[in-house]
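# Structural overview
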Amino acid sequence: MKEHNVTHYNFYMRLIKKFNIFFTGFAVAATCGLAGCAGVPAVSSGDMMDMVGTVAEVPPGQALPERERLVYRVKWMGITAGEFVVEIKGLTTLRGRRCYLLEVTARTTGFAASIYRAKSVFRSYFDAEKFYSLRHEEKREEGGYRKDAVTDFDHEGGKAYFSNAVDGSKKVFDIPAGVQDSLTVAYAARLVPLEPGKVFLFKTCNSERVYDLYLSVGPRSKVMGQTVLHLVPYGTINGREYREGRASGYVTDDARRVPLMFVVKAPVFTSVTARLVE
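Cut-off values and rules
Residues numbered from 1 in each chain as written. Predicted model: local features only at pLDDT ≥ 70, side-chain atom pairs only at ≥ 80, totals over all residues. Heavy atoms only, no water. Phe/Tyr/Trp six-rings, centres within 6.5 Å; stacked < 30°, edge-to-face > 60°. Buried < 20%, exposed > 50% of the residue type's maximum accessible area, 1.4 Å probe, protein only. Lys NZ or Arg CZ within 6 Å of the ring centre and 35° of its normal. 1 Å grid on protein atoms, 1.4 Å probe; cavity = no way out; pocket = protein on both sides within 12 Å on 5 of 7 lines; lining within 4 Å. Points joined across faces, edges and corners; volume = space filled by probe spheres on them. Helix = DSSP H or I, 4+ residues; strand = E, 2+ residues; numbered from the N terminus. Nonpolar A, V, L, I, M, F, W, Y, C, P; charged D, E, K, R; others polar.

This next bit is on the packing of aromatic side chains. For the coordinates displayed, the defined rule picks out three aromatic pairs. With a centroid separation of 5.9 Å and 55° between ring planes, the pair formed by Phe126 and Phe131 is classed as tilted. Residue classification places Phe126 among the buried residues on the basis of a relative accessible area of 0%. Aromatic rings pair up to connect Tyr100, Phe126 and Phe131 into one cluster. Sitting over the ring of Tyr125, Arg135 keeps its end group 5.8 Å from the ring centre.

Shown next, in the form of structure tokens:
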């Protein structure tokens, strides 16, 4: 394959990985601190750095649906290139805590799959009372890359325990109280009182690092025939901005806060969109 085509597809897959976390629309875009969106007003880095986010807290009495299945079609340069299936697979118990089992399956499809085959599964255990992550699992097969990892969160002890079955690596690192992972943060955001003009702060763990994830709520608008809220994520780590592009998402302006569409725009030449199709 020609060198420029290899570069093009490798860049595409880096963007795909970002969707794996934003709801993976929210979260990879979010935890990587991406801000703005093609075709919509963007919040500048300087403005976001000056903002003070309200620490996100889920109000009493909130709950997710016990089961839910959302399917997103991913397009790159107008070509269907991938699919995300995002599910709440019911309630379960982990370490004596009642929790939601969340799962995202992401894969390339069609011509993109013939060039770069990828299928990854992300699974999280989201405490049904305290609304934070208890465990995050990743099983990723992306080209020649493999990862089969588990991170357990000990909120009382303030520690996270990471292990990767592929290379045998292990790591213990500090976490703040109530930390989210890159999947549970999207569901936590659905449960907080989103209103235009507000900025929420989520402590979020991704790739064994803890980010300050700021979620700015933009104005109401219409997308896909529904009234939506425009959400712009922005991330920092150790007080410094972390960004590899720009991203934005739209969620329904109702009690469910269903994500309808995400856009990740590359720094130079292209963008990837994911739209809810079922």
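To continue, consider empty space enclosed by the protein. Under the criterion given, the structure shown has five cavities of 30 Å³ or more. By volume, the largest cavity amounts to about 90 Å³. Forming the walls of the largest cavity are 14 residues, and the residues nearest its centre are His136, Glu138, Thr151, Ser207 and Glu208. Only strand S6 (133-142), strand S7 (145-154) and strand S11 (199-206) provide two or more residues apiece to the lining of the largest cavity. With five residues, S7 is the single largest residue contributor to the lining of the largest cavity. For the lining of the largest cavity, the residue count by class is five nonpolar, five polar and four charged.

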